[in-house]
Structure formats: C-alpha cells, structure tokens
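Notes for the structure review
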Amino acid sequence: MGIIHVLDKSIAELIAAGEVVERPSSAIKELVENAIDAGATAITIEIQKGGMSFMRVTDNGCGFYPEDVKNAFLRHATSKVQKAEDLDAISTMGFRGEALASIAAVSRVELLSRREDAVEGVRYVIDASEEVSCEPAGCPVGTTLVIRDLFYNTPARLKFLKKDSSEANAVTGIVEKIALVYPHISFRLIRDGEEKLHTPGDGQQLSAIYAVFGRDFAAGLLPVDYTMNGISVKGFVSKPHKARANRSMQNFYVNHRYVKSRTCAVALEEGFKHAVMVGRFPACVLDVCIPAQSVDVNVHPAKIEVRFENEKPIFDLVYFAVKNALRTGDVTVEGKIEKSVAPVRQKDSVKERMSAQEFQRIFGEKTAESIGKKAGESSSFKAAGAQKPEKKDSSFLLSALEDGSSKWISFDVSPSHSENGNPAQEKGKVYSPNHWTKGRLLDVEVEDDLLPQRLSKENTSLDEMPAVSPQKSVSNSVPEEKEEAGSLEQQTIDSVAEPYENLRYIGEIFHTYILFEGENRLVLVDKHAAHER
Ligand SMILES: Nc1ncnc2c1ncn2[C@@H]1O[C@H](COP(=O)(O)OP(=O)(O)OP(=O)(O)O)[C@@H](O)[C@H]1O
Ligand SMILES: [Mg+2]
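First things first, this report covers the structure right here in the doc.

Here is what the cut-offs are and how they apply
Residues numbered from 1 in each chain as written. Chains lettered and ligands numbered in written order. Predicted model: local features only at pLDDT ≥ 70, side-chain atom pairs only at ≥ 80, totals over all residues. Heavy atoms only, no water. Near = heavy atom within 4 Å. Polar contact = N/O pair within 3.5 Å; in protein donor to acceptor, adjacent residues only side chain to side chain. Areas by Shrake-Rupley, 256 points an atom, 1.4 Å probe, with all protein chains shown as cover. 1 Å grid on protein atoms, 1.4 Å probe; cavity = no way out; pocket = protein on both sides within 12 Å on 5 of 7 lines; lining within 4 Å. Sits in = over half its atoms within 2 Å of the grid points. Helix = DSSP H or I, 4+ residues; strand = E, 2+ residues; numbered from the N terminus. Axes fitted to C-alpha atoms, helices over the stretch in contact; angles between N-to-C directions. Left-handed = near helix turned anticlockwise from the far one by under 90°. Contact = heavy atoms within 4.5 Å. Nonpolar A, V, L, I, M, F, W, Y, C, P; charged D, E, K, R; others polar. Points joined across faces, edges and corners; volume = space filled by probe spheres on them.

Turning to the site of ligand 1, a few remarks are in order. Close to ligand 1 lie 21 residues, the nearest being Thr78, Ser79, Lys80, Glu98 and Lys303. Contact distances for ligand 1 include 2.5 Å between an oxygen atom and a side-chain N or O atom of Thr78. One nitrogen or oxygen atom from the side chain of Ser79 is found 2.5 Å from an oxygen atom belonging to ligand 1. Relative to its unbound accessible area of 580 Å², ligand 1 is 93% covered by the protein chains. Among the detected pockets, ligand 1 sits in the largest pocket. For the shell around ligand 1, the elements supplying multiple residues, two or more each, are α2 (24-37) and α4 (99-105).

Next comes the structure, spelled out in structure tokens:
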C-alpha cells in the first residue's frame, strides 16, 4: 500500500504561508509593498507587542473594487501579472498573488477599503483563511488592513518568534529601509502608541534619510547620481570619515526594491578602497535603476535577493559611481583639534588670536611659513590663555595634546593639495582621501567608541575652547604596555620623535589624524591617541 497522499488544503495553506510570512516584519513588508503598488502617497503602520497581537497598515492608494476583495485573499490571485511574459519584466513590488492569502492563513484579518469613485467601501473579515463577513462600509479612500493574533493557529511558528522588542525592531528596520527610497511617500510608524518614524514625503531623498537616520548621518553624505551603459544608480554614500564599524548601514536597492547584493557591496567597498581605514565600512543608500527585464526578482521568497542578467555592468556602475562621488563631492574635513582631559574647564576667559610671530615661535619658522602659505586665507590658528607655549618646534603640537591640563588647542585650516600627488604645494586644491593614500598613509584602525565623542565635539564653538599648555614631550609619555593599536601609535609617535623642525602641517583627515609633511616622509599624529595621553 502506498504512503503518499495529497495534503489537506488547510495544511498546504499553512506550509505555503510559512514561506511568505516568517515573522511580523515580513507581513508588514508585504502590506506596505501592496500600499506602494496601490499608488499611496501616505502610509501609516501601527503595531502593538512587536506586531504579534496587532498590526494595522493604512494607505491612501487606489483601494479595492468590492468584487475583488474575496479573490485578493486567494492564493495566486493578483492584479499585477497576467501572462508568463510579464514575469520577465516585473515593475511592481508584488507579483505572486500570495501575500494576502498567506497572511490570512495564519491570523485574523480585517480589511476596509474604498475606491475614489465609489460611494461606499467594503469591510471584509477573514480568520485563518475562513471568511467571517463581507459587507458594505463607510470608510475613507484607500485601504486599511488590520492583522490580529499572528500565528495564533500555528503554535510551532509562535515558538520561534523573538521577544516583542526584537520583532518590533525588525518591523522598524523594514519600514525604514522602504521609506529611504520612496521619498514622495510619507511613512508613519507607530509602535505601541508612540510615533517612531515620520517621513515628510516631500520627494527629497535626503529628507527621508534625515527622518530615518537623523541629522548627523544625513549631514555626512555625498550624493550619487551616475549613469553608465543605460543603467543608473542614485542615492548617497557616506563621506569617508563617516565610515562605520560594520556594514549594517549599507542599503542597496534595485528598482526601489531593498535587496541584499554582494556585487553592489563589493563594488561599494572597492570604490572606497584607500579612502576609509581598514576595518571601517562606508554607509550608503544606493538605488540601482535597471530595465526590469535585466533583473530577476523571482528568486527569494521574501524577494530580497535578485539575479542580474549580467553582474559585471552592475559592479562597474556602482564602483564608478562611488569613485565619482568621492572625486566630485566635498570630502574635506575641517581640521580641529580639541583637548579636554580634565572634566572641569579652565576658568580662562581671556582669549586671543595668536600673532604670526607667536605662531612662528611655537611651530618653527618653516612650519609656520608653510601653514600660512599652503592654507592661505582660510588658515587660522587660535590659542588662548595665560600660559604661552614654550616649545619652539612642531613637537609643541604633540606636547600640547599630550598635556594633562584642561586646555585646548584648535586649528581651522582648509587643507590644500597638489593634483600631481605632491601635498601642500598648491593653494586652494581640495584634498581627497584618495590623494592622501597615494602617499605613505598608514592603515590605522580607530576604536569605535571614540567616534560619537568625536562627532559630538565637532560642533563646539572655537570661542568656547580654552587654551593649551604644552609641557612634556610625547615620546616620554607613551605608555610602555600599549598593545596592538598601541604599537601602531608607538610607531607613529616614534617617527615623529625624530627631529621635526622641517615638518609642514598639511591638514587633518577622518577627524582623527593630523598630517605633517617632512622631507621624505609623511607624519601622522593620531590626535585621539595623543589626547588620551
Ligand atoms: N493596499 C492595497 N490597495 C489596493 N489593492 C491591493 C492592496 N493590497 C492588495 N491589493 C490587491 O490585492 C491583490 C493581492 O495582493 P497580494 O499581496 O496577495 O498579491 P500581489 O501583491 O499581487 O503579489 P505578492 O504576493 O507578490 O505580494 C493585489 O494584486 C492587488 O490587486
Ligand atoms: Mg503583495
């Protein structure tokens, strides 16, 4: 006797649903994508308890014809694909006709919808694929879908869900990712009654990025808009000094669809090669726009993987787009060194601009000359306070940073750079990290926990900075037992410990290193390492 039999329809439904709806965030993704396909310009997402007990997605899109409502909840029912050829060029977010059927199979669903030309709308209720009611109802134009008790009839799936906060975070992550590339849609996310996200929907991608990731992130971006061989990529990449400790902020899209793409990720990082330090990763929001027939989106159940007809042009596109953004964008970092070791600031209230003579006395004639020359009008050096620096060469700088008093030193120098690779030879040229790394820049890792501290200090007004009082030489104060990063610092310090009367200040990179040019060498001072001493 045979042992194979066709599964009961309800069990088959549950199995199929499991592929599409893995957790609350996957249901939200499907509902939001449906709203986008419906032409919505405002989408509100509400969740409670991580979405397990309650999810509601409201849009102002086209709405349902009442006669379509029941069909929409049947498997393989869709308005987006009609014939096999349509699958070769999918231009909508949805195409399988499975999402609503899957969600309805594992929860209690209520739909309210009205089209603009209809006098009344429709209310449809369905529990675990079983219709409960379908009736006319008054409601605004658009669609509202309420999902209650997700997985209530599949305890096995329930068991594998994470705690509410993790599920809510996953929902937030999905909504944010989608919002980043639909700037003309206003997204609102409400989590347990609290508004967590609200994008303006003004059509500006930077506004959406600002709303999602905040001011600091949005301020540290370079625009990308590049076309090559009929395909294009648009969006933003982080400035090199805003690179991050991991890849979690690398957001790639293909035709507005968030995807995981190794090709794009490798191209991005290749484009940034030498511009960011080892162990740091550029962030991005990059949307590759490619003819629909050149990409297969029917690869992954959650549609987050795509297959390109040809990977090479995609790699080249992203790579050259990134290179171009770095070349043409403003990647300069304002040089600023701050010193604040003691928690209480110096009471010094007398502040003075350092005179040219004083400057020379401190930094040595050549150094002062070169700073004055190379940085031109935009250079300024401010130091203040009762104590005047005593060193007569550029070791003052290191000593100053190393000094334990609560005094500050600040530079405000726009670096210049010669395109022929010879630093500090011409006025007014803007440095790019690529230029620097053609020189003898060391690969140095920066500790993550330093970053926020750095960033938050960026806004400190120069006038608020107390003066610095250099006393000791750095080489004396390098702690002996520093390991790893320490050895590199040691290496840097050692190289600076040689005579440096002839060093010329070049500028600062990545908010981290101060660059000096010597006869045949480039000296980097890690200002934070120096700071810590
Ligand atoms: N918010 C909405 N507004 C208007 N129509 C909708 C909405 N959501 C779904 N629909 C209609 O219901 C149909 C079924 O939706 P469903 O999400 O199940 O499938 P799909 O979007 O076509 O494909 P996929 O399963 O890939 O998402 C859609 O094709 C669409 O016509
Ligand atoms: Mg859909």
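Here we come to the packing of helix α9 (residues 262-271) against helix α10 (residues 311-328). Running from N to C, α9 and α10 cross one another at 35 degrees; their axes reach a closest spacing of 8 Å. Pair α9 / α10 crosses with right-handed handedness. For the pair α9 and α10, the contacting residues are Thr263, Cys264, Val266, Ala267, Leu268, Glu270 and Gly271 in the first and Glu311, Ile314, Phe315, Val318, Tyr319, Val322, Lys323 and Leu326 in the second. A breakdown of the residues in the contact of α9 with α10 according to their chemical character gives 10 nonpolar, 2 polar and 3 charged.

Considered as a void within the structure, the largest pocket measures approximately 680 Å³ in volume. Looking at the largest pocket, it is lined by 32 residues, and the ones nearest its centre are Asn34, Phe64, Ser79, Lys80 and Leu100. At the level of elements, α2, β2 (54-59), α3 (69-72), α4 and β6 (142-148) are the ones that each hand at least two residues to the lining of the largest pocket. Tallying contributions element by element places α2 first for the lining of the largest pocket, with 5 residues.

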